[in-house]
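So you can see what is in the structure, the chains are spelled out below.
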Amino acid sequence: MEKYYQVDENTPNAVVSYYGKGALLALGLDLQIRGFSKHKKSLDDLMRLIWKKHGITLDGISENGLDDLINTLLGNSFMKIWSEFKSRYIFGVEDIPI
């Protein structure tokens, strides 16, 4: 019998809370945006842009859609920072440095 989502003594070592990790990723991205833009932009600006482009019409975002929106908001020079952040902490397995 499978034991999906059943807590045991190894759970802290084997399970990642995507709610907690998502909140930390959002914080990290916000700090990266604020630092890059010298506090002229923030994650709030990105969220408003997502809503403006996709929320009102309920159109889904394509696979590269977030990349395109980040590029629209912050320009091509931020894309290296975003690409590294994404590969290390979203698609990668590195711990988020907090």
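Look above for the structure.
So, here's what we can say about the structure. Here the structure is a predicted model, which means the values were calculated and not measured.

**Points about the pattern of salt bridges**
- Using the criterion set out here, one finds five salt bridges in the structure.
- Across the salt bridge formed by Arg34 and Asp30, the nearest N and O atoms sit 2.9 Å from each other. Here Arg34 pairs with Asp30, and both are found in helix 2 (residues 18–36), just four residues apart, close to one helical turn.
- You can call Arg34 partly exposed: its relative accessible area is 28%.

**Structural notes on the environment of Ile96**
- The topology assignment puts Ile96 in the segment after helix 5 (79–90).
- Classification of Ile96 by relative accessible area gives buried; the value is 17%.
- Each C-alpha atom, one on Ile96 and one on Glu9, is 23 Å from the other, the two residues being 87 residues apart in sequence.
- Ile96 has contacts with Lys21, Leu24, Leu25 and Tyr89, leaving out every residue within four places of it along the chain.

**Quick notes on the side chain of Asp67**
- Topologically, Asp67 is positioned in helix 4 (residues 65–74).
- Owing to a relative accessible area of 16%, Asp67 belongs among the buried residues under this scheme.
- Setting aside residues up to four positions removed in sequence, Asp67 forms contacts with Met79, Trp82 and Lys86.

**What to know about unusual backbone geometry**
- Of note, Lys38 is a non-glycine position whose phi angle comes to about 55°, a positive value.
- Positionally, Lys38 belongs in the loop between helix 2 and helix 3 (43–55).
- On the basis of relative accessibility, which here comes to 65%, the residue Lys38 falls in the exposed class.
- Of note, His39 is a non-glycine position whose phi angle comes to about 65°, a positive value.
- Among the secondary structure elements, His39 is positioned in the loop between helix 2 and helix 3.

**Focus on the environment of Gly65**
- Here Gly65 shows up in helix 4.
- A residue is classified by how much of its surface remains accessible, and Gly65, at 9% relative accessible area, is buried.
- As for Gly65 and Pro97, which are separated by 32 residues in sequence, their C-alpha atoms are 26 Å apart.

What counts, and at which threshold
- Residues numbered from 1 in each chain as written.
- Predicted model: local features only at pLDDT ≥ 70, side-chain atom pairs only at ≥ 80, totals over all residues.
- Heavy atoms only, no water.
- Salt bridge = Lys/Arg side-chain N within 4 Å of Asp/Glu carboxyl O.
- Helix = DSSP H or I, 4+ residues; strand = E, 2+ residues; numbered from the N terminus.
- Buried < 20%, exposed > 50% of the residue type's maximum accessible area, 1.4 Å probe, protein only.
- Contact = heavy atoms within 4.5 Å.

Any functional reading would require information beyond the geometric quantities listed.
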